[in-house]
Every structure is written in C-alpha cells, then in structure tokens.
Amino acid sequence: MDPECSRLLPALCAVLADPRQPMTDDTCLEKLLDWFKTVTETESSLLLLQENPCLVELLSQALKFQDVSSRILSFSLRLAGIFAAQENCFQFLQQGELLLGLFGEAGPLGLPAWNVPSVRSGWIQGLCSLAKHPSAEQFLVDCGAVDTIFSLQEDSSLFVASAASQLLVQVLSLSIQGRATPQLGSSDGDWPSCAQSIVGYLEESLRSGATPQITQALKVLTTTFGRCHHSWTEALWMRLSPLVTCLLEKDTVPTAHSLADLFLSMARSPTFGSSDCDLWVTLAQTLSCLSPTQAGPLALGILKLHVCPQALKTQAFDVLLQPLACVLEAAAQVPGSSGLPDGTGSNPTMADALLASTSSCAALLCQSLAHLGELQALPHSPRPWPQVLLLEATMMTLRFCSGSAVPISSVGGRLCGILASCIRVQRAALDFLGMLSQGTGACEVSSSVMSHTPHPSSVPLHVLSGWDSADPWVPCFPEAQACTFPAGTWKFLGWGCWGVHPLASVPGPQESVTQVFAILLEYLRSPESSPTVLKKAFQATLRWLLSMSKACGSNNPDPHTQPFLRELFPVMQKRLCNPCWEVRDSALEFLTHLTTHWGGQPDFREALLASDVPELTQQLLQDPEAYVRASAVTAMGQLASQGLHATPSGPEHPGAKQKSLPQELLHILSLDSEGFPRRAVMQVFTQWLQDGHPAMAEDLEQFMARVFQVVSRDLDWEVRVQGLELARVFLAQTLGPPDCPYAVALPAATPPTSPAEVLRTLGRVQLLEFAFRALFDCDRPVAQKSCDLLLLLRARTAPGGGLQGAECNPEAVTVEAALRAWQAGEQGQPLGELVPEVVVAILRALDLEGLQATLAESSDHVEQSPRSLLQDMLAAVGALGGHEADCY
Amino acid sequence: AATLTPTPRAGAGQDVGRSCILVSVAGKNVMLDCGMHMGFNDDRRFPDFSYITQNGRLTDFLDCVIISHFHLDHCGALPYFSEMVGYDGPIYMTPPTQAICPILLEDYRKIAVDKKGEANFFTSQMIKDCMKKVVAVHLHQTVQVDDELEIKAYYAGHVLGAAMFQIKVGSESVVYTGDYNMTPDRHLGAAWIDRCRPNLLITESTYATTIRDSKRCRERDFLKKVHETVERGGKVLIPVFALGRAQELCILLETFWERMNLKAPIYFSTGLTEKANHYYKLFITWTNQKIRKTFVQRNMFEFKHIKAFDRAFADNPGPMVVFATPGMLHAGQSLQIFRKWAGNEKNMVIMPGYCVQGTVGHKILSGQRKLEMEGRQVLEVKMQVEYMSFSAHADAKGIMQLIGQAEPEHVLLVHGEAKKMEFLKQKIEQEFRVNCYMPANGETVTLPTSPSIPVGISLGLLKREMAQGMLPDAKRPRLLQGTLIMKDSNFRLVSSEQALKELGLAEHQLRFTCRVHLHDARKEQETVMRVYSHLKSILKDHCVQHLPDGSVTVESILIQAAAHSEDPGTKVLLVSWTYQDEELGSYLTSLLKKGLPQAPS
C-alpha cells in the first residue's frame, strides 16, 4: 500500500466509524472497496490489517449496530469479506470473533438495518468474497448463514435475490468440492451436511407449487450446471430431475423461461451434453409442451448447441419455422381447401397465436425472424436451410405489412388486417430479408437446376427445407417429414401489386431475386415507410446488392442490378429531399456505401449520373441538420473520389460562380458551427491524400497549409486529432517509404527526399507549427497524436548521426521559449518559418518519450488515484451540509 | 396488475444516479428513462441491463423506452442500451429532448474519450443511430405505441422539453413525472397535468422535505457575486455542461449586463451557443409565457453581450466571465482555464451544479485548496470558489400539489433520499389516503388493479330478461345469468342455449344430490306425505307435487324416502336438484335437516 494512503487511513477509518459524520456519496465507498480489492490481490490481507489496525477497529465499530448507518454497515460487511478471502486473515478475524459478529445470527439480521436492501446485499457480497476456502464452509454452517441465504432467495430486491442465488451455488460447490466424497448417490447420507441442506431446500422449493420458489430453485440449478462441470452435478440432477420434469406435466408450464434456461445450461455442460442421460428427451418434451412464444428461445438455444441429436435439432428448427410457415399458408390458402375450419393450417396453436391480436402476432413473427437471422449468421446454421421458403415467407410478411398483398383466404385477410402498417414486423422482416442475401446467388443457378423445382400444391416442410444454404437452389429430399405447407407463389402484377396463386410452383432464383428487389423498392418508395423502416430497407438493399455482386464477380454483371439501379436512383432523389433528417441521412449513408462498392462500374455510373442524386447530395452540404451535412460531406468525398460529383459550373449553370469541391469543404471546415461536418471534411481530405486524388494534387502544399492553419484553431479536439492524422499521412508521403534492410533493392522512381528538404516542406505547409502547438494541447488525445507524429519525424529526420542540430542557435532558443509558453497553457507567438537545423534541435531537446509515457495515462489519473479518493473523503467531511442534495 | 421494477437508478442524496425504471402495465413492458451515473468510470455508470436481458431478447421484451428529459442521469445510457446492448425498438421523447439529447451525449462522449481514449464507450455514429430510433411526442398528443399501449406527454418544467408521461393500457394507467418543477422560473413554465386519475403516479422526490427558497434569491446572489468580481477586475469561470443550465445563466447575465450597462466581456467556450440558441428559439413554445410574449419584440436567446470564446482570450488582461465545458472541471477547456486563473484571489469560479468524486470540481467544492497536479506539481487555489444550485425540482409542496392534480390511486416515490422520502410518504398517505411506496434500487412493487373489461350481451338474453317482466332499474343491480364466451379478444355474454349452438356442444345435465336423515318410525310413504304437506305449507310460490311413484318434486328438485338399513326408526331422504335450482335445493335441504313439524298424533 502506498505509504501516503497508509498515513491517511486512520483518519478516514475514524470518520467512517463516527456516526455523527454523514457520508452521503455512495460512490466513494464503492471506490474504496475497489481499492481494497486491488490491494489484497497482490498483498497479504493479514499483513495489511496488522500494519493498519484502524481497519480492524473500523470493522469492530460496525458491530455496534445501533450506532452505525446502513451504508457503513453494508460497507463493513463487504470489506470484512474481502479480507477474509485469504484463509490466514480469515483465521485472524475469527479469533477476534469479528466475522461471527458480522455474519452470524447475532449480527445485523434481527436489526432494523436488515430491512435496508443494501445491508442484505452487503452481507451476501461479504460472504461471497469469503466463501473461498474450506474453513469458510464450516464457518457458514456454524453461524447459521445457510438458512439466511435460503430466506434471501425470494428477497424483494432483485439484486439481493440474484446475489443470494449466486452465493448458494458457491456454497454448494464449496461444500462438495471441499471434501473427497468418492460417490454421491441419492441417499442423504452420501452428501456433505451443508450440501444436503441445500439440496433439501431445492427439493422443497421445486415441490412447493409456488412459481417464485420454483423459478428461484431453477435459477440456482442453472447457475450450478453452468459453472460446475464436475461429476457431482450429474448426481445432483439424478436427485432432482423427477421434480423438475414433472413441472412439464402441468397444463401451462409456469416457469417456462427458467426451465428452458436450465435445460440449455445442462446441454452446454460437458457433464450432460455427452452423456446418455435423458436430457435430449426432456428437451424434446419441453419444446412440444411450451407455447409458441416460450418455445422460440429454447429452440434457438438448441440449434446453437454444438453437440445435439439431429432429430432434436430438426424439431427445434420446425418450431422457429412455424410462424413463417403459417404466414405462407395463410397467404396461399384457398378457403376450405385444407379441410380445417377457417383454414388455419397445420399448426392450429401457432395460427391461433398469430391471429389473436396485433401484439401477439408481431411478437411471434419478430421473435421468429430475429432467431432465424441469428441462426443464419452462425457458422453451423441448420442444414438443410430452407432458403426459398424463408425468402417467400419474409417477402409475404412484408407484403402483408405494406398492404400490397391481395389475400384470397379469410385467414390471409385477417393476417393482412393485423399486420397492416406494423412497423415492428416491417423492421424485423427487412432485417431478416437482408440476412437472407447470404446464400442466394442468382448467377450460380443454371436453368437445368431450376427445372427441378418441386411443383406440388402442398409441399412437406422438410422437402421445402431441402435447400442447402451452400447450394441454395439444388433441392434434396430427406426422409423426415413433420408437417406440411401448401406452397404458393406470387405472380408479378406490376411493381407493388401481388396476387397469390396457390397451385403455382415455388419461384425460381431469378424470379426470387427480382421479387426481393421489387419489395425493397416498394418499401423504399412508399410514403408510408417510417424512417426506421426505411433505414432497414436501405441496409437490406445494400446487402442484396453486395451479395449479387459477390456471387457474379466483377467481370460478370448481375442481370438484376442494372434495372434495379435505374429504378433506385429516382427513389433516392426523393429520399434525399425527405423532411425527416433521419431519412436524408440514411439515404446519404446508403449512397456512400453504394459509391464505395460500385463507383467504378459503368452501369452504376451511368445510372447515377443520369439522376439528380449528385446535385442533391451537394445541396445537402448546406442542410440545417449537422448529421446530414456530415454524411453529405462523406458522400461527396466518395463521389469525388470516383469522379462522380457534379461539376462546379456545368453547361446548365453558365457563369455560375461555384467553388470547387475542395474549396467548399475547406469552407465547411472553417465555418461550420458543428463538429460532425468538420470531422467528416478532415476524413475526406485524409482519404483523398491517401488515394492521391487529383483534387489534392494541384497545388498540394498551399492547400495543406490552409487546412493545417484552419484545423489547428478548431475548437473540437476530435477535428484537431483528424488534422494530425492528415498530417501523419502527409508526412509519410513526404518522407517516402522507410529504409528497410530486407527490402528488395529496386531502382527508385524518384530519389529519396533529403531530411532537410522534408523539414522545409513541412515548415512551408505549417505542419510543424500545428504539431508543436498540438503537443501541449489541453485535450490529451491531440497531444498524444502529435507526440507520436513528432517521434516518427524525429526518427526519420534527426536520428543519432543525421542532420546536425543547432542547439545554440538563437532561433532555437526562441522556439523553445514559445514551446515552454504553450506548455504552460499560454497562447504564445507563432513560430514562423523554421530552418531544418532548428527543428532538429527542438526535436532532440524535447523529451518526447517521457511525454508519451505521461500522455498514456488518463488525464484525470491524479484525481482518480486512491490517495486522491482518501483525501476527497476526508475533505468532504467538513464540507458536507453546505451543499444540499442536487442532481441537475 | 401493474408491476414496477426499478432497476439501478438515482440513489440517495448527492448521487447523480441512473434513472431507469421498468414498468409492466397489463403485460406491456415500458422502460422509463435510461440514465447514466457520472460518478463511475466503469460498467457501473450504466444500469445493469442483464436483469432485463434474462427475459429474452430486449426488443421482444420491451414495448418501448420513454425518456423524460435530456439530463444525462435520465438519458446517458441510451446509446449504450440501443447500440451496444441491442435494443432495436422505439424510443419516445419530446421534440426538444430529441434535439438536445444528442448534443449532451456527444458532449459527454467527448469528455469520456478525451480523458483517456476509452475504447468501450459509444461512438458518435452510435449516438446518431440511436437518435434515428427516436419518435417525437408532442405535448398532450396521445401516441399509440401499438394497438393496446398508448402514451401521452404533459409539461414538466424542469428543463426545456422535460415531460411527464402517462402510460395507458386499456383502463390501466401509470404516470411517470421524470423531474419536474411546479413553480415557473426565468425561462420555463410550471408543470401541469390533468385529473387523469392513474392507477399509479411515479414521482421524483429530490426535495422531498425541502421547501425551497425562492429561486430569485439565488439568482440575485449569483449576479451579485459575478458583479463584485468583475468590478474588482477579476475573472469569473462558470463550468457548465453544453446545454441546459448554461442557457438559463446566460439569460440571467445578459439581462443584468443590459440593465447595468456593463462592459466586461462574457464568453461561451464551446461554440455551442449558436446551436443552443437555435433550439431555444425553435422550441419557444416550450418556454414560459413571458419569454413567448416578449419574443416578438426581442428574442431572449439572441445574446448581445455573450460572445464565442477563443483560447487566446483566457490570457487577456482585465475582467471577463467565461462559460466553459465540462461542468465538473475534469478535462478540457474549463480545467485549462481554471488552472490559469486559480492562483489569483481576485478571480472566482462558480460551480452551478454538483460534481462527482474524482474531479477537480469535487475537490474545490469540498474545500481543498492545494491540488496535486500531474508530475507531483501542486496548484494552489487562491481564487474564490462558490457553489450555487440552480436545479429546478418540485419541492414538498409542489409534489403534494401534483398528486392533488392527478388524483392517483397509488403513489410511488423515486429519485430521492430514503429518510426524506419516508417523511413525504407519511404526509402523502395522511393527506390523500392513498398507498405510497418507496422501493429501493432493484426492488419490485406489484399493485393489484381492477381493470374494467367491456362485455357484450346478446339481444336474445336481454329480451328473455325483459320478458320476465322486470324493467331494468339503474339504481338496483340485477343478477343476469348467461355464458361468457371469449373469442378474438372479445367478451360476449349469451344464453347457454346460444353458447351451445355456437360452440357445437351437447348439453349435459348436472344434478346435485344430498341425503337427509329424519327420525320417523312411520312407513316411507307416510314420511313422504309428511314432507309433501310440510313443503306445500312453506313453499307457497312454488309448484310442489306428490308423484304417483311416491316421490315429491319442487321445480327440478326430487325427494324420495327410503328406510335406513340399520335403524328402523330413521328414514333417509334422497334430495337431488339441477344446477339451475341450486339455491332452492340448498334451501330445501337445510329446511329438511331441521326436521318435520310434529304431526298431530
């Protein structure tokens, strides 16, 4: 422990122990505990207590419960636990009966303070820290703590109950692992007494029939099986499994969520996952008896397992597919054709849940879509993956939501009514539609494969599932068949209007892709689409375009993209003029991505330049909303990189005196009142410089000088950091590639620039002035960046035997004086033109390594240090009372 | 039932806490505020959302998030929650909060990253993406979150755009006040709510026992101190957060400078004045009546005396007033100026808000005058240090006034200190005769409600009721029997015949049977006759029959007599009846159990 802290500790302990001294800032006590935890990680707690007897006195003071505030009591309980985590210190505290006094029955349990949740929480956390060694177990039994832990399982405070549950698991594990019990059986005698009482408590809770008790017991088991993977957990399960599984026999499973968590935790445990126990049967049973909403998370959990029987995975996958299957069925059903009343389809429970209300329908569909999306992203997603079915169902859902579907069946009609304009489902479906772009590649499909498309009116689920994500259009027909769906297809009746033909075939991939783009365009175009839905539609569109382009390769243009782009840009034009900033911004972000990926493709360029999108983007540089201006800057930067931006004075604007884009961006950098656009400008400049953009090439030095001049005065430190990044790129380019002893000696195109010439260039562009000034910036990241930059500069221009410095030069003295003034936070004079020798002298004189080490620490590390904490707590004692409670 | 789970939120006393309350109303889950704790630099600064994620996917579990106002202890964790924890649903707030919230979040992010380049913190892009999920709610506009859940905003004072929210599902409702102020101040009006009679009112109780002195006094005091310092040639530093309190103090100084014709410059350091003023102008309807009225002649937010600050100005000689960020002197501009000016006793720093431990602001407020700086350097603070609270919360009187306005069934106190809350709780319970709760962080309060569920009655059933001759009387409740059918979330009461028909079910007869022992040595037939005569004399309005097979019937009730197998002096009466005559059957049984009247011998 820092001697200064040790010196302050007695005074602080006296303050904490004094009931007359109010201590109102809880964060101080929390931070104090953090510090003690850190100290005891590396030092002996026993030594610490012996060297600082005030700590023991503080803990003893806490035993005088009547005099101690609940905060200090809670603090003392936790502190005692931290010290007692080391066995010798535990013995030491035990000798003084301190621990028994704090945690035993004579402790705070019977006092009014026990009603304060933080005291109960402190008691548990203290024991959690303490219960780490065999002596602790005996202590827990002796002081009767286990019964208290039982009673806290159902505490009114969520935090206390949760911590009590964790503690119970810890004690159980400590109790069993602490002794060499060869075999644990079902008889009570086999179990250590402490473990036996915990198991007894769990049995009693599971038998109680009361949902809170059962839930809490299941949570304890879930944590146990999640944390402990020893063979005793299997023995524990053998004892408790009858009680747990009988919960499934009730009409409605009361604790479905907790049960699912328990079984999944077991399935993930190596103890159960590989054994022959009945876990898989139980999981299958659970899946079938839970309601559709409850079964979803369990099904997802099962499908994420690495080890699991295939039949169970198939069952789980069916659960996730059911809601979408119902959507398809509802869409395709000819009234009465299925023979079921109202045509509810193959799973009446699911259909009932879907049709019950908008809320339940949305909840089920969103859950299913999100779970399937999660699965699709997994490396071991279920195979076969029903790509076609999912695409169809997702598009159908989107059509129901937008009202563009023309349902034929009554169920379809009802679903249409329920889902109409449901933003929640629209968002989830668009998300999933975007994900489905993975695994759909139109170009990979040959017409011969398409002729194998099945053609039934009612196709079994597993037949439809027979489309592998790796090869999505090759059908396969596994033998397992669980339930059936009528497969419908959608005939294209023009953009945005669809009709269903139940007896038609599943669409082919080309058709599917066309349909996907059509539905995306419908959403992007619809005035009804909310900003959040539009954002999702943009994201999904981007994913599909990327996927198409990936599948086809750059030399093989995708047949869908070009017509789609022709339709897309007029829609984009509208969206760029949308009154909602969210929409304009999302459209600009989308445009930037598009241009980055396809800016070089002739089709894309043609479609873009045929639209007003570049002009509109340029106009958005003056948008009232800063976010939009920043996105417009980025988009314009990208367009210009690809030579796609509007020309300053085109034939349509004869004589118009427009600035060039770099000038316009420089203007934004100088005058925009907000940081986002200015930061975006700096990013664009850096990108242009890196790419060698022609706009930067003309009179580069003059332009850079202007930029560095402006950016060094910016009020936003992030803009200044971006400025230094630009400076770093400029420096690297000016210096040329570093000398590498292992590099193949190729004849250099241009001879390397001399260090003196480099320094002169840097001086001319004002980079040196900017970097030296930034070195003492009040915002630490700026100083840090500048320090790195100057270290690089010094390494390349002023290494040991390089350019001679001019340490005694009067100019160097002036510069050093200016730097000192800056360091002191004064404004100082500009450095003016610097000769290379002076720069080298300054670079050598500055302790850049020392500065780098200092800057690596947080700027408030002094205020956040333990010493500062102790000082603050002591100082606060006198100052309290003057400042009333005040938040904002 | 409405259940409330307040997850970690504002603690007691001087704790700039994390307001975050989870309310379940009739199965709908709503998160009220999503604040951050500025006193911590690690995960503890955000609420522990793992208690919610245990319930499955956040977006599935939560129906919406509502933000009451732009202070960080109410909205600071929002980008973390939506972009890092993964909530993808709607977020509701008023238009001014929507406009100002990202500025403060950005401001805070910059300070957090500035200090040590924190990696595990939300980015600017995340703040923007989070704000794109926001749906604006206008005052008194009822927004339908889905087909069952609706919310409505009321004016709360406190800060620009602050609102109280009513959350309603069917007939059940909760009102959450957020932070509010019942007395108008220099730029805002007083909070107001209609008599909406919610099942529960969740109210802040920061000043639960305080009757606040007039804000005017504090303002006068502030102006006096600034004026005195400037007069003696000193410099005044006012560390502020970018928006909110700063604007209020700017108006104060601007008016004072105008009135006193002062010449000392006033600067605002962040370059945010323009933006702030833009928003204050834009949302002029959210300010108080005086500002709205004078708006036509002169816009209060167009400052003549307050100029943008340049770093070079700090070294200028002579008096000046500078507003600089951040507000707790823990980084950046304000700290740099403080270091420059601290050594001069003519200067003054005014802290207009609370400072958390671990900041220079906290140190000087607790009276420390020798501050350790980097590299073991010591900064001696000779300048004057003043603390002035300008926070605008309702005091005890204001809280009582709001409860009186809303007339809730239950009250729940949050955002306060336990001891003070206890006092207020008793006062509320006494005065309004309602239950008042004050759960600690993490505690759940469950309140039973009596929701009214509309039920349709079939015409057939009503006609049959009418046919029985009794006209309906509004003052006298009447028993109506029928079958309740629940279908497609609708409830209908129909006659049992119609229910059978609709559901395609067959009717089953259900009879209750009972044995009554009678001491009677006579033959069975004679006992039956005695029963018949007895019932005939008592049940004059009912049809009592003696059937040829020796049994007696009263409506559907059948009575037969048999000899007792062991005791010839006792007869056993078998009584049975259908459920329709349950009342009469029970009555008859109890009658027979009393025995028969003595027959004339």
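If you look chain B up in an unreviewed UniProt entry, it shows as Integrator complex subunit 11 from Loxodonta africana. The record held by UniProt for chain B lists under Sequence similarities (unreviewed entry) the comment "Belongs to the metallo-beta-lactamase superfamily. RNA-metabolizing metallo-beta-lactamase-like family. INTS11 subfamily."

1. Section: the overall build of chain A
Per the secondary structure count, chain A includes 45 helices and five strands. Taken over 888 residues, chain A has a buried fraction of 58%. Considering only contacts in chain A between residues 6 or more positions apart, those separated by 24 or more positions represent 72%. Here chain A has roughly 35200 Å² of accessible surface; of this, 55% comes from carbon and sulfur atoms.

2. As for the confidence of the model for chain B
Residues and elements named next belong to chain B. Within chain B, residue pLDDT values average 86, and 92% of them lie at 70 or more. The low-confidence segment residues 1-16 (pLDDT under 50) makes 90 contacts with residues lying over four places distant or belonging to another chain. ipTM for the predicted complex: 0.87, alongside a pTM of 0.84.

3. A few points about the interface of chain A and chain B
Interfaces are often sized by the accessible area lost when the parts come together. Contacts between the two partners involve 86 residues from chain A, matched on the other side by 99 residues from chain B. For the chain A and chain B pair, buried surface summed over both sides reaches about 7500 Å², with 45% attributable to carbon and sulfur atoms. At the junction of chain A with chain B, the criterion picks out 15 salt bridges. The partner of Asp 716 of chain A in a salt bridge is Lys 110 of chain B, with the nearest N and O atoms 2.1 Å apart. At the boundary of chain A with chain B, the tally comes to 31 residue pairs in polar contact (both at pLDDT 80 or more). Take the side of chain A that touches chain B: its biggest share by element is eight residues, from helix H45 (residues 866-879) of chain A. Within the side of chain A that touches chain B, the residues separate by chemical class into 23 nonpolar, 26 polar and 37 charged.

4. Comments concerning the domain arrangement of chain B
Along its sequence, chain B is carved into domain 1 (3-211 + 392-443), domain 2 (215-387), domain 3 (453-467 + 481-507) and domain 4 (511-594). Here the C-alpha centroids of domain 2 of chain B and domain 4 of chain B sit 96 Å apart.

5. A word on the pattern of salt bridges
All chains considered together, the criterion is met by 58 salt bridges over all chains. The partner of Arg 57 of chain B in a salt bridge is Asp 60 of chain B, with the nearest N and O atoms 2.9 Å apart. Assessed through its relative accessible area of 30%, Arg 57 of chain B is described here as partly exposed. Residue Lys 133 of chain B pairs with Asp 88 of chain B through a salt bridge whose shortest N-O separation is 3.4 Å. Here Lys 133 of chain B is found in the loop between helix H6 (124-131) and strand S6 (134-136), whereas its partner Asp 88 of chain B is found in the loop between helix H4 (78-85) and strand S5 (91-93), with 45 residues between them in sequence. One continuous salt-bridge network, built from bridges that share partners, spans Arg 679, Asp 716 and Glu 718 of chain A together with Glu 106, Arg 109 and Lys 110 of chain B.

6. Description of a nonpolar patch on the surface
Residues and elements named next belong to chain B. Nonpolar side chains collect at one region of the surface, where Ile 453, Val 455, Leu 484 and Met 486 lie side by side and expose about 390 Å² of accessible area between them. Mapped onto the secondary structure, Val 455 falls in the loop between strand S22 (445-447) and strand S23 (456-457). The exposure class of Val 455 is partly exposed, given its relative accessible area of 39%.

What counts and what doesn't
Residues numbered from 1 in each chain as written. Chains lettered and ligands numbered in written order. Predicted model: local features only at pLDDT ≥ 70, side-chain atom pairs only at ≥ 80, totals over all residues. Heavy atoms only, no water. UniProt positions renumbered as here; feature names shortened; annotations may be inferred. Helix = DSSP H or I, 4+ residues; strand = E, 2+ residues; numbered from the N terminus. Buried < 20%, exposed > 50% of the residue type's maximum accessible area, 1.4 Å probe, protein only. Contact = heavy atoms within 4.5 Å. Areas by Shrake-Rupley, 256 points an atom, 1.4 Å probe, with all protein chains shown as cover. pLDDT = per-residue confidence, 0-100. Buried area = accessible area lost by both parts, 1.4 Å probe. Salt bridge = Lys/Arg side-chain N within 4 Å of Asp/Glu carboxyl O. Polar contact = N/O pair within 3.5 Å; in protein donor to acceptor, adjacent residues only side chain to side chain. Nonpolar A, V, L, I, M, F, W, Y, C, P; charged D, E, K, R; others polar. Domains from an automatic or database assignment. Patch = residues over 30% accessible without salt bridge, like charges linked within 9 Å, V, L, I, M, F, W, Y side chains within 5 Å.

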